[in-house]
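# Breakdown of the fold
Here's the letter readout for the chains.
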Amino acid sequence: MNKNILAVFIIITAACNSNSTYTVHVEDGNDISAFSNSIKELELIPLSTDDTHLLGTQTDLIPTDDGFIVLDVPNSKIYHYDQSGTFINAIGRKGRGPGEYNSLLNVELVGDSLYVFSAPQKMQCFSLTGELLSEKKIPSLGRQSYIFRSDTLNYHDFSPTKKDRLSVSGRSGEKEYLHTTASVLPFNTSVSRFSSDGDSVFLIDSYSPVIYQYNNQKLSEHIRFDFGKYTIPKTFFSAGDPYKAAAVLLESDFSVINRYMETPELKIVEIMTQSNGDVKFIYGLYDKEWTWFDCSGHGEALKESFKFAVGKTIFALLDPAMLTHLKGSLILDKASDKEILKHISEKDNYVIAKIELRS
């Protein structure tokens with residue numbers, strides 16, 4: 001099926017292992033695959049609905065051994081559900097006191113402990129039952145932070161007070177990376193900038209076509225995307241004023257990396273594109289080779305829904321109001337229990353889609 005949106009193909013590929021570096025070229029007019037062709041099995045898990053635990057519009061999800069941690073980022077709420085979607089408990093609450101977080105930035109699951117990063121400069125550790133285990137102030141806390149072994153990575157984005165977008169605190173002190181002289185507004189997103197395959201941490205750098213890899217106090221390029229005519233113009237970075245730069249971007253066609261996930265078995269990238277004033281999303285899936293699909297038409301319900309990957313399984317979080325776009329689609333034909341959708345209304349809570357991909 002020919003789509004009049006971005007299509008993607010690889011022009012240079014290095015060695016095919018988890019530490020490969022690829023250059024991926026993006027152009028117009030090529031065919032894009034249907035995501036349903038990549039699905040082996042799909043399980044729908046409705047989250048329990050009540051007036052207290054309904055989720056907002058910007059959400060995230062982390063699977064645990066016994067269920068799921070689900071975030072309502074703008075409202076600073078963290079909920080714990082079991083594997084069937086039944087509410088178990090809240091973790092912390094909004095506020096400024098002990099065990100409370102005022103402005104949620106991001107969270108990270110380390111073993112059975114959930115680290116919560118919030119503004120201003122607070123890092124807390126909770127058990128999955130909601131018990132506060134530790135709490136401390138971190139002056140160098142970033143817009144998002146991530147713990148990796150003995151290091152804490154702090155991503156500052158484009159900040160008027162910091163000239164290095166990434167700082168890493170560890171046993172050997174603090175190191176800084178990604179120096180910049182550009183004066184631009186930070187890329188406002190609730191999507192996690194960090195992800196990990198267990199051996200390395202991967203970083204999405206705002207406005208950059210590069211996925212960075214961090215390990216052993218070394219930051220290196222992991223994957224570079226060439227967006228062609230959708231590359232952010234150089235005048236954006238040289239405008240000298242963040243609001244002038246924003247005006248340049250709003251008048252441009254451009255692409256940015258919105259989310260990246262990697263496991264030993266696959267890589268997933270979500271690319272957001274502004275074209276003629278319209279925002280579109282395409283997704284790249286790497287399993288021995290890259291395949292690409294879009295989220296127009298029936299796939300619109302999947303837009304910005306992919307939240308986490310384990311092995312060859314993707315966990316998506318679907319807004320029930322968008323599920324109507326999937327009715328009659330090939331995607332739902334993969335669902336093990338399509339009858340669930342008959343009992344879901346637009347006023348219900350989100351639905352987790354556990355998507356197992358083909359080998």
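Above this text is the structure in question.
The structure reproduced in this document is the subject of the present report.

Conventions we followed
- Residues numbered from 1 in each chain as written.
- Predicted model: local features only at pLDDT ≥ 70, side-chain atom pairs only at ≥ 80, totals over all residues.
- Heavy atoms only, no water.
- Pairing = 2+ DSSP bridges.
- Helix = DSSP H or I, 4+ residues; strand = E, 2+ residues; numbered from the N terminus.
- Axes fitted to C-alpha atoms, helices over the stretch in contact; angles between N-to-C directions.
- Core = buried A, V, L, I, M, F, W, Y, C linked by side-chain atoms within 4.5 Å.
- Buried < 20%, exposed > 50% of the residue type's maximum accessible area, 1.4 Å probe, protein only.
- Contact = heavy atoms within 4.5 Å.

### With respect to the sheet that holds strand β11 (residues 113-119)
Within the open sheet, the four strands sit side by side as β10-β11-β12-β13. Their pairing is antiparallel. Strands at the two margins of the open sheet, each flanked by one partner only, are β10 (103-110) and β13 (132-137). Strand-to-strand twist of the sheet, defined as the mean angle between neighbouring strand axes without regard to direction, takes the value 20°. Looking at chain direction, β10 and β11 are connected through seven bridges and run antiparallel. Counterpart to Leu104 in the pairing with β11 is Ser118.

### A look at the pairing of strand β21 (residues 218-226)
Two strands pair when backbone bridges link them, and strand β20 (residues 210-215) and β21 are joined in this way by six bridges, in the antiparallel orientation. Among the inter-strand pairings, Gln213 is bridged to a residue of β21, identified as Ser220. The antiparallel hairpin formed by β20 and β21 contains two residues in its connecting segment, where Asn216 sits at a positive phi of about 50°.

### Concerning the nonpolar core
Counting residues in each nonpolar core, the largest one holds 43 residues, and the members touching the most others are Phe35, Leu44, Tyr207, Ile268, Phe306 and Ile355. Per element, the largest residue contribution to this core is four residues, and it comes from strand β28 (residues 351-357). When near neighbours in sequence (up to four residues on either side) are disregarded, Ile355 contacts Phe35, Ile39, Glu41, Leu42, Phe306, Lys312, Thr313, Ile314 and Ala316.

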